[in-house]
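# Commentary on secondary and tertiary structure
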Amino acid sequence: MMNVEDEGVSTVDLGDDKEELVSTVGLGPNEKEGVSSLQLGDVKEEGVSTLALGSNKEEGVSILHLRDPNSPESPSVDEGYQPGSPSMGSPEDEEAPPNSAPPSQAQATGNRWASAVDLFKMKRFFVLRPGTLSQAVEDITALVDKEQDGAVQGLWLMAEVDHWNNERERVVVLADRTLLVCKYDFVMLNCERVHRIPLNCIDRISHGDFSFPKHSLLTREGEGVRVYWDRLREPSFASRWNPFTIDYPYMTFTDHPVRATNEKFSALCDVQDFRVRLKAGAEKALLERPVPGKANGVLLLNQPLLIEAYVGLMAMVGNQNKLGYCLARGHIGL
C-alpha cells in the first residue's frame, strides 16, 4: 500500500490476485482530505466489506475503480471535490473524537438482535398465523348456548397452570351465566374440550405471585389468577398425584407468552382484566340466581398462589419446550 500525502489519495493494487478479499482500507497520515481510491486491476468481482478513513469517519468519501491495469487512466477523485469543503472532510471535522459513534449504538444493536430472536420465537405460535384467531373465536362463540350460558361478555387467550405446574393454552369465554374454559387446537382449528363453570357457584378469586413448598425444586415467575367454585370440596389423594386430572375445584390462569407481541394480544391476554370482569360477572349472576348456603358476594384475595409440586420433571421439560401450546415444531425426516 502506498501513501501519497500531497494529494490525499491512498491506492491499493491487487493485481491478478482474484481470490483476495479486501476488508479494510486506511488513509494513513492523510486524514484531512477523507478520500480513498481503491484500484483492483483485473479483479472485477472483489468485495470490500469495510472502509476505514482514519479519524475522519463521518464525512469520508471513497472511490472504487474497477479498471484494467493497462489502461492509461489513473485513479481520480470526483471532479466536484474541493479540498476543505465541509461535505468532504473539512478541518472542523478533524476535531471530532476518534470514536464518534454514540455509546448506545452497541446496546441498540444488541436490542435489535434480541427483538429479532423474540419475534422468530413468537412466529412459531399458530395463534399468530393470519386468520387463526378469528376462526377460533368464531368456532368457540358458536358453542355458547344462549339459553344456558347467555350472551358472551368477554374472551381471553391465557395459559392454564395445573396442580403439577404444567402450562396449557386455553381460550376463556365469559358469558352472562357461565365461564367457559376451552381447549382449542390452533393447528387443526378445532375445539377439543369445553369446561363450563356456573358463575353463581364462584365464591372466591385469588391473585398474586406463584409459590411452591419449601423444599420444591420448581419456580415460576409472573402473576396469576385462581378461580374457586367449591370451597367445601378438597382434592382427593388420587387427584393430587394424577397429572391429568380435571376434577380440581379451582383453575389457575396466567399470561400467555404472546401477550407482548402487539397491543391486540396485550389486551386479549390481560389476566388482570379477566379477574376484574369475572368478579363483576360472578356477583351479578349470584344476585340473579342465588345458591342456597352461599354468601351473596365473591371474595377477592391478594395472596400467593401455592402449587404443591416438588420435583416436577414433567413440568420442567414440558414448559421449557412449550408442549402445552400449538407451536410449529419443524419436520422430521428428509
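Rules used throughout
Counting of residues starts from 1 at the beginning of each chain's written sequence and follows it residue by residue. Owing to the predicted nature of the model, reporting of local features is limited to residues with pLDDT of at least 70; listing and counting of side-chain atom pairs is limited to 80 or more, with chain, interface and lining totals taken over all residues. Note that water and hydrogens are dropped before the side-chain values are worked out from all heavy atoms of the structure. Helix and strand assignments follow DSSP, with helices taken as H or I runs no shorter than four residues and strands as E runs no shorter than two, numbered in order from the N terminus. Using a 1.4 Å probe on the protein chains alone, a residue whose accessible area is under 20% of its type maximum counts as buried, one over 50% counts as exposed, and one in between counts as partly exposed. Any pair of residues with heavy atoms lying within 4.5 Å of one another is described as a contacting pair. In this description, accessible areas are obtained by the Shrake-Rupley approach with a 1.4 Å probe, and a residue is regarded as covered only by the protein chains that are shown. A helix is expected to span 1.5 Å multiplied by its residue count minus one. Each C-beta atom gives one direction from the helix axis, and the arc is the one those directions make. Nonpolar cores were defined as sets of buried Ala, Val, Leu, Ile, Met, Phe, Trp, Tyr and Cys residues, with membership established by side-chain atoms within 4.5 Å.

## A closer look at the overall build of the protein chain
A count of helical and extended segments in the protein chain gives six helices and 13 strands. In the protein chain, which comprises 334 residues, the share counted as buried stands at 39%. Excluding contacts between residues fewer than 6 apart, the proportion of contacts in the protein chain whose partners are at least 24 apart in sequence is 66%. Per element, the accessible surface of the protein chain, about 19,700 Å² overall, is 53% carbon and sulfur.

## Focus on helix α5 (residues 271–288)
Helix length check: α5, at 18 residues, gives a terminal C-alpha distance of 26 Å against a target of 26 Å (1.5 Å per residue), a fit within 8%. Residues Val271, Phe274, Arg275, Leu278, Gly281, Ala282, Ala285 and Leu286 constitute the buried set of α5. End-on, the buried residues of α5 take up no more than an arc of 145°, which puts them together on one face. Among the exposed residues of α5, those pointing more than 90 degrees away from its buried face are Lys284, Leu287 and Glu288.

## Things to note about the nonpolar core
By size, the foremost hydrophobic cluster in this structure holds 26 residues, and its most contacted members are Val127, Leu157, Val171, Phe186 and Val258. Within the residue set of this core, elements represented by two or more residues are α2 (132–141), β5 (152–161), β6 (167–175), β7 (178–185) and α4 (263–268). In contact with Val127, other than residues within four places in its own chain, are Thr132, Leu133, Leu157, Glu169, Phe186, His256, Val258 and Phe265.

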